[in-house]
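Results of the structural survey
So the chains spell out like this:
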Amino acid sequence: MAGNRTFSMIKPDAYEAGNTGAILKMMEEAGFRIVSMKLTRLTADNAGAFYAVHKERPFYQDLVSYMSSGPIVALILEKDNAVADFRKLIGATNPAEAEDGTIRKLFAKSIEANAVHGSDSDENAAIEGSFFFAETEKF
Ligand code: CMP
């Protein structure tokens, strides 16, 4: 159903720091059900395609090399009002501006290495989820 799913990635900095379990726990404790989950690694080409919307931004090349620098955990998550509630749980893109208790405040290292991704709309949640998962991998 539209509106009740979002897409997330646990990014290379958070995976490398061993924070995957703690972040998954925060997601579940906030009421998100795991629909799909995969530990994988993006090639530079895949990272570039995933973030193509940012192609003209000055940080794009750095973002692509960072996002392909190590494993990530891709997730589809389900909850009423998933996109907005998940963005509240992760906090502002820049961890310096993120509220206390948010995932980025707790775990992000910088505005780029910001621990997690969360879709910004229902439409992008569907597109991003299908970037990683086939329909048969959505539970
Ligand atoms: P995300 O929510 O995944 O969406 C785009 C990503 O680009 C963002 O998280 C950060 O990882 C990165 N990003 C956004 N703004 C900047 C910036 N000003 N400088 C560097 N990286 C950024």
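Let me begin by describing the structure that accompanies this report. These numbers were taken from a predicted model, which means no experiment stands behind them. (Residues numbered from 1 in each chain as written. Predicted model: local features only at pLDDT ≥ 70, side-chain atom pairs only at ≥ 80, totals over all residues. Heavy atoms only, no water.)

With that settled, the discussion passes to the site of the ligand. The immediate surroundings of the ligand are formed by Lys11, Tyr51, His54, Phe59, Leu63, Thr93, Arg104, Ile111, Glu112, Asn114 and His117. In the model, an oxygen atom of the ligand is placed 3.2 Å from a nitrogen or oxygen of the Arg104 side chain. Contact with the protein chains removes 80% of the 450 Å² of surface that the ligand exposes when unbound. Residues that form the shell around the ligand fall into these classes: four nonpolar, four polar and three charged. (Near = heavy atom within 4 Å. Polar contact = N/O pair within 3.5 Å; in protein donor to acceptor, adjacent residues only side chain to side chain. Areas by Shrake-Rupley, 256 points an atom, 1.4 Å probe, with all protein chains shown as cover. Nonpolar A, V, L, I, M, F, W, Y, C, P; charged D, E, K, R; others polar.)

What follows deals with the sheet that holds strand β3 (residues 72–78). For sheets, the rule is that strands pair by backbone hydrogen bonds, running either parallel or antiparallel. The sheet built from four strands is open, its strands ordered β2-β3-β1-β4 with antiparallel pairing. This sheet does not close on itself; its edge strands, each paired only once, are β2 (33–40) and β4 (116–118). Between one strand and the next, the sheet's axes are offset by a mean angle of 15°, whatever the strand orientation. Here seven bridges tie β2 to β3, and the two strands are oriented antiparallel to one another. Bridge pairing in β3 places Met37 opposite Leu75. Along the sheet face, helix α7 (residues 122–132) touches β1 (5–10), β2, β3 and β4 and points at about 50° away from the line of β1. (Pairing = 2+ DSSP bridges. Helix = DSSP H or I, 4+ residues; strand = E, 2+ residues; numbered from the N terminus. Axes fitted to C-alpha atoms, helices over the stretch in contact; angles between N-to-C directions. Contact = heavy atoms within 4.5 Å.)

Among the residues of helix α5 (residues 82–90), those classed as buried are Ala82, Val83, Asp85, Phe86, Leu89 and Ile90. Summarising the contacts, the buried residues of α5 are in contact with β1, α2 (20–29), β3, α6 (103–107), β4 and α7. (Buried < 20%, exposed > 50% of the residue type's maximum accessible area, 1.4 Å probe, protein only.)

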